Amino acid sequence: MSDLDGGGLDTVTLTIDGVEVTVPKGTRVIEAAERTGVVVPRYCYHPGIPTRPAQCRMCLVEIEGQPKLQPSCVLEAQDGMSILTASETAEKARQSVIEFLLVNHPLDCPICDAAGQCMLQDYAYVTTQLKSRVDEPKTVMGRDRIADDILYFADRCIICTRCVRFMRDVAEDDSLVVAQRGHKAYIDTFPGRDLDNPFQGNIVDVCPVGALVHEDFVFKARAWDMDATAGICPGCSTGCNVTIDTKENQIVRLKPRHNAEVNSYWMCDHGRKHLVMSNRGIRAEVPMIRDGDSLRATDWPTAIAWIAARIRQAGSNGGLGIASPNSSNENLFYFSRLLSRLGIDRWEYSVPQGSTASLPTVPRLELRADRAANGKGGELFGGTRVDAEAVPSPARAGETIVVLEDGLAEAPDGFGSEAGFFLYVGSRLPDAAREADAVLPIATFAEMDGTFTNFEGRVQRFHRALQAPGIARPAWMVLARVLAALDDLEPVSDVGAALDAMASATAAFAGMSWQGLGLKGALVGGDAAAVGAAPAEIDG
Amino acid sequence: MSWPHRHELETTTLLSRSQGDESARTLAGWVGTGGYERLRQAASMEPEAVTEIVKDSGLRGRGGAGFPTGLKWSFMPKDDGKPHYLCCNADESEPGAFKDREILRWTPHLLVEGCLIAAKAIRAEHVYIYVRGEFFPYTKILNAAVTEAYEGGYIGNDIMGTGWSCELTVHTGAGAYIAGEETGLMNSLMGNRAEPWMKPPFPAQAGAFGMPTTVNNVETIATVPGILEHGADWYRQWGTEKSPGTKLWCCSGHLAKPGNYELELGISLKDIIFDVCGGTPDGKKVKAVIPGGSSTAFLTGDELDCATCYEGMAEAGSSLGTASPIVMDEDTDIVVAMRRIAQFYAHESCGQCVQCREGTEWVVKILQRIEAGDGKLSDLDTLYELCEQMTGRTICVLADSVVFPLRSSMDKFRGEYEAKMRPSAVAVGG
Amino acid sequence: MTRRIHPSVVGAQPFQVATREGIESPMFEGGEGLERLEMALSRYPTKQAALLPLLHFVQEKKGWVSPPDMEEVATALDLTPAYVHSIVTFYTMYNKHPVGTYLVQVCTCIACHLNKGEEVLHRFLDEAGTREGETSEDGVFTVIEAECLGACGFATAVQINDEYFEDVSPEKVADIVGELRRRSV
């Protein structure tokens, strides 16, 4: 980190497994070790949870010359300290923690969601603690529903208390506690009262084992069946960084991805769940052009040529644009480009609203009222924001209407029937779009690469996690083709080029590039050019 | 002195003068015999001066750890402007120990006086006496004494007209041995689970309510007034160089005269068991003794010729602990006794640390299986390894405390374990 | 009827008693409950430290601590009911269910084990006519096994409500039970 080199802060220098490292005073050994590439095994320690009870005893390390092992999560690094994280004593101690945990832990791996992504399995392998010498019957504890969508398997629990401390110390909601004591201890809520917190899903993420599981994920997918893709949650304008887990071309789970500037280690439950329905429904899969009373399916070249011809025919009479605030920056850029080519000087977008919820100790992380990923993009590309319930402004006869992804839910009957040319570009075909002259099928955010701009102007990359159905394509690609057919722009086939075009034409995005944004993003209007140098996150 | 039996060995009455005498419980009775004069003396001294006397006396903590008391007091900050607290540990729950309740029920004012003197030494503004929840009869006596003392001006504002003020609150627990651990006690006082915490922070830096705190055992504090009155040298006339003074012994198990005896430190354990306590009630041989409460190592009946001071007991391979010998006669089944001891620790584990939470219960289960005749030799190897894995790895020493008796019982009474094992297991060594 | 308690000992009142007066909800908004709450709060720098004293009060009045009681205590001290639940289940002396008039706790820890503690326990179960942890049908006795009561030299030690019975041999149990039955009438 840049503030380390060149002082200004007090620092200490210590040796970890023979490697010297300098860290700010007050740094704990477990974090100092990570700076040398050593990840000390741990359960109760979590970088996003401020309290450290040091009770799992997994992170014990040897201070050279001292017989007693110390927990590295709370041990403060001192000048001249020499730490051995993998000495014989430390490894034996770690192995014994695994042995003790496995005394009563049920052999649930075949039916446990955590298998393949379980810190108990992982460390059992790492410590080679794989044989049991337990001759006694295991304690059986049972299962409890502690929230309407979270199950707790008590005998899998290792009482690391990450869940308890997340709720109490991060969410400031003291509703999850350890009940009883000793070998009878288990995690519990107040009897008869379930957890009810908009961020409670995070306790499933922090659980190192399969003790806490989401009910809507249980038994759905094995860790090794899933692919993981870095994405941005489109649930609201915060833009939490997420990992999208997919299986057989369906989104099965969202988990938060760490970003210190946006969401820390967390995300809200609305974000986790609202995509559950996204796998369903009928999709627009092929381009369609009007043929009398109906829309006829066709191929891309035919559709693009037909549309270009109709546009030239319709002239630049002005008209109306409507776009969804869930469209990516690149999509909106090309959309607004097309509109100006058509002489349309106004376009609308509306952002659905919802209740808010904040995570008290992480001020930036809020479920925001704006329930869309890129309302800010709408603003930056010159859209007019209208009320979510507003009826779209009517087009005058003969005008052109271009709709990008909006569901047209408030559109009156016969919307677009007076238009000179009505182009619908979307992933689905709502009823109102059946009046369109042409329908171009596009990919959803999960099926393409792109960027969103969050509430504070942070431009963040998301990546393709699913295969789009049929021959649907990203809207920026499609609209760029239309413009190319109108002799306006070069066709664009990769998101990097799309972003470059967007950045050179739009002041807010000046200096940004796909490579430069990396996995942490950059603020609009900021020194994005400086971000242009590839940061460490890319390519590991 | 002793309670309830008398004996011939020379003893002192520093702590036990009033055992059996109910009049000492009352304020009038206490003041009538010179009580609270030591408090008056301390109130006008500098805190460091009080600490020096206790330091010079060599008094060591009587809660089991034996840490020098004066040294512990000297860790408290001198000039930090924060409220300081004294916690008096009356959570006596160690199996074998029953001395603190004797002090509570016969001389509660001695405890109050000692607490306030200690409070002066560490600049405390509030004393909390944490009594285990079960001690209702003795808490009632203490409560009456504290109430009288407050009403008589011996606690609270302007104590005895000296201008010094200090409050005192009696606070009872609700059933947890681990609340006897100093950080567990402070957590319980604050309304938390009685879970010990990692040190640092040490109590003298940030203890109860995050403020500098000292935790002392009842017997330790009860010794202080006498030391203040008569001086450090007087206290050193008893005991040894490293373990000066006297101790309230709690003798239990198979004894003719079990009970409380105040004896000077350093005399032979054999003398205590056979002369003072009269040996076993029916003349049976002594097979084993756990000398310092259940958290100490077994000694066989032939190993009792050791000096009952901290260093002497350590040399003998055990420890003084709370000076609470539990005597087992020749008919005792050591394996069953060890199983029962292990059950205590499994029941009392707070559950934070993996080794203690899982280990103590696993030890119980293995011992139960051996007791039922279903053990094998490799179980002993496993138990030895568990002993190693449960030592020095945890936040507090509850896990270590089951290791001391367990390991020593296997070292010294291995034959009893083997005798319970399946014949085939022993024959083929496995 | 509020008995006079000095504030310094408000957190140390006996809470395992045979006579349970009961108390109306809300417990801590007036009367004796409010007095006890305010007195307790005056002894500690934080509200949370008054938790054990308040739980003692509830059990003193009712004989056990129920979930609604936990909610009231939580409200009085600005804690969550879940937190109070964690405390009530951590400590063994808080009864999570109603108990008989006499809660008989027989120590069977090592010193009492050496002096026939288990036999004393079984005699109590027989004489009281109940199974371990359960209340006898006449509602008079609940008998449980206890860990060290701190009276080791006077084995076997038995705690019955707020009294200590010591040097209890198996032969003495019938008389003790008989005496308690007489008292309970």
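Here the residue index of a chain counts from 1 through its sequence in written order. Starting at A for chains and at 1 for ligands, labels are handed out in the order in which the entities are written. For a predicted model such as this one, the threshold for reporting local features is a pLDDT of at least 70, and the threshold for listing and counting side-chain atom pairs is 80 or more; totals across whole chains, interfaces and linings nevertheless cover every residue.

Peer 1: Could you give me a rundown of the interface of chain C and chain B, with the residues and numbers involved?
Peer 2: Between chain C and chain B, the residue contacts involve 41 residues of the former and 51 residues of the latter. Only DSSP runs of H or I covering at least 4 residues are called helices, and only runs of E covering at least 2 are called strands; the numbering of each starts at the N terminus. Contributions of two or more residues to the side of chain C that touches chain B are made by helix H2 (51–62), helix H4 (81–90), helix H5 (110–113) and strand E4 (163–165) of chain C. If one sorts the elements of the side of chain C that touches chain B by residue count, H2(C) sits on top with four residues. Here the nonpolar group is Ala, Val, Leu, Ile, Met, Phe, Trp, Tyr, Cys and Pro; Asp, Glu, Lys and Arg are the charged ones; every other residue, Gly included, is treated as polar. Residue classes in the side of chain C that touches chain B are distributed as 24 nonpolar, 13 polar and four charged. Contact criterion: two residues are in contact if their C-beta atoms, reconstructed from the backbone, are within 7 Å.

Peer 1: If you had to explain the domain arrangement of chain A to someone new, which residues and values would you point to?
Peer 2: Segmentation of the chain into domains, including their bounds, is taken from an automatic or database domain assignment. What the domain assignment lists for chain A is domain 1 (11–86), domain 2 (105–219) and domain 3 (288–531). Computed over C-alpha atoms, the centres of domain 1 of chain A and domain 3 of chain A are 49 Å apart.

Peer 1: Describe the sheet that holds strand E10 (residues 326–329) of chain B, naming the residues involved and giving the relevant values.
Peer 2: Residue and element names in this part refer to chain B. For two strands to be treated as a pair, DSSP must find at least two bridges joining them. Spatially, six strands are ordered E1-E7-E6-E10-E8-E9 in an open sheet, and the strand pairing comes out mixed. Since the sheet does not close on itself, it has two edges, and those belong to strand E1 (2–3) and strand E9 (299–300), each with one partner. Where strand E6 (residues 246–253) lies against E10, two bridges are found, and the strand directions are parallel. By the bridge assignment, Ser-252 is partnered in E10 with Ile-326.

Peer 1: Account for the interface of chain A and chain C, with residues named and values stated.
Peer 2: Taken together, the contact pairs 13 residues of chain A with nine residues of chain C. No other element matches the three residues that strand E8 (residues 177–179) of chain A contributes to the side of chain A that touches chain C.

Peer 1: I'd love a proper account of the pairing of strand E21 (residues 400–404) of chain A, names of residues and values included.
Peer 2: Residue and element names in this part refer to chain A. Exposure is read from a count of other C-beta atoms within 10 Å of each residue's own; the residue is exposed at 12 or fewer, buried at 20 or more and partly exposed in between. C-beta atoms are placed from the backbone. Within E21, five of the five residues are buried, which leaves it mostly tucked inside the rest of the structure. Of the two faces of E21, the one carrying Thr-400, Val-402 and Leu-404 and the one carrying Ile-401 and Val-403 are both buried. Bridging between strand E16 (residues 319–323) and E21 involves five bridges; their strand directions are parallel. Paired with Ile-322 across the two strands is Val-403, which belongs to E21.

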